[in-house]
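Tertiary structure, described
This is what each chain is made of:
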Amino acid sequence: MNKPLLAALSSVAMAGLGATPAVAAPHTAVKPAVTVDYAGTVALSNCSGSVIRFPNSADSDPALVLTNGHCLESGFPNPGQVITGQSSSRSFGLLNSSGSRVATLRANQVVYSTMTDTDVTIYRLTTTYARIKSAYGISPLTVNDTHPTAGTAIKVVSGYWKRTYSCSIDGFVYRLKEGDWTWKDSVRYTSACNTIGGTSGSPVIDTTTGKVVAVNNTGNEDGETCTVNNPCEVDESGNVTIHQGINYAEETYQIPACFTTGNKLDLSAAGCVLPKP
């Protein structure tokens, strides 16, 4: 997992053994990329994150912050554990487009957190999107509600390090196993996104749409197999492979279906497939 350790402060990002990049289809019209910067990203005490909204969120809704399950302040959720409605007073440093910290935002609840099937924590803030926009001129990032596509150009934007990584989605992993945790349908980056400790929870942004398509969470650091900080890929037949130096993210397209009017979590909503408590 890309959670910072003391060693991360002096580590050198690894180039790794890159998987073969996906190739864009020929004769396809290329849309111009949108500007992707730090606006709307946040720095946590030990991770990165972003202020997010869903396609049907309203400006008057309480704002939400997206990061990893393993960035939860109370510690890693156990395999099979799903946390909802947990009280929180966690603070987040809100960044503007240039990466300067312009405000401290505060949560009042862990709306949802798990490391089962995916690796996400969603916090509810004490303020609304409209108030953030009015006070700081910053809009939330929108979470796309459709499955990402291999070959898509992406940026991983870390509020913790104020660093951006640019690469493409190399492909998708049937099962990504790390230690006691297993994630489904994970995103594999091409080797240029050599993310490090502290980038956990960074939004993965489609550079064409500007929307969030995944949340950065891990990478194989040492070439070990299925250990913490060394995830392995498991295919549908159970075959295990590793790619040292390659990093991964968890898709977010399935999250919007689990939130209803007022940004309220409803795990029983039609189309919601997130793990339940």
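For clarity, every value in this text was computed on a predicted model and none was experimentally measured. (Residues numbered from 1 in each chain as written. Predicted model: local features only at pLDDT ≥ 70, side-chain atom pairs only at ≥ 80, totals over all residues. Heavy atoms only, no water.)

We now examine the state of the cysteines. Each disulfide consists of a covalent bond between the sulfur atoms of two cysteine residues. Counted under the stated rule, the structure contains four disulfides. The side chain of Cys226 participates in a disulfide bridge whose partner is Cys232; the two sulfur atoms lie 2.0 Å from each other. The sign of the S-S torsion, about 100 degrees, decides the handedness of the disulfide formed by Cys226 and Cys232: right-handed. You'll find Cys226 and Cys232 in the same group, each marked buried. Counting its disulfide-bonded cysteines in sequence order, the protein shows a connectivity of 1-2, 3-4, 5-6, 7-8. (Disulfide = S-S within 2.5 Å. Buried < 20%, exposed > 50% of the residue type's maximum accessible area, 1.4 Å probe, protein only.)

So, on to the pairing of strand E6 (residues 101-114). In the sheet, strand E4 (residues 82-87) pairs with E6 via five bridges, with the strands oriented antiparallel. Paired with Gln86 across the two strands is Val110, which belongs to E6. Of the strand pairs in this sheet, strand E5 (residues 91-95) and E6 are connected by five bridges, and their pairing is antiparallel. From the neighbouring strand, Leu95 faces E6, where its bridge partner is Arg101. (Pairing = 2+ DSSP bridges. Helix = DSSP H or I, 4+ residues; strand = E, 2+ residues; numbered from the N terminus.)

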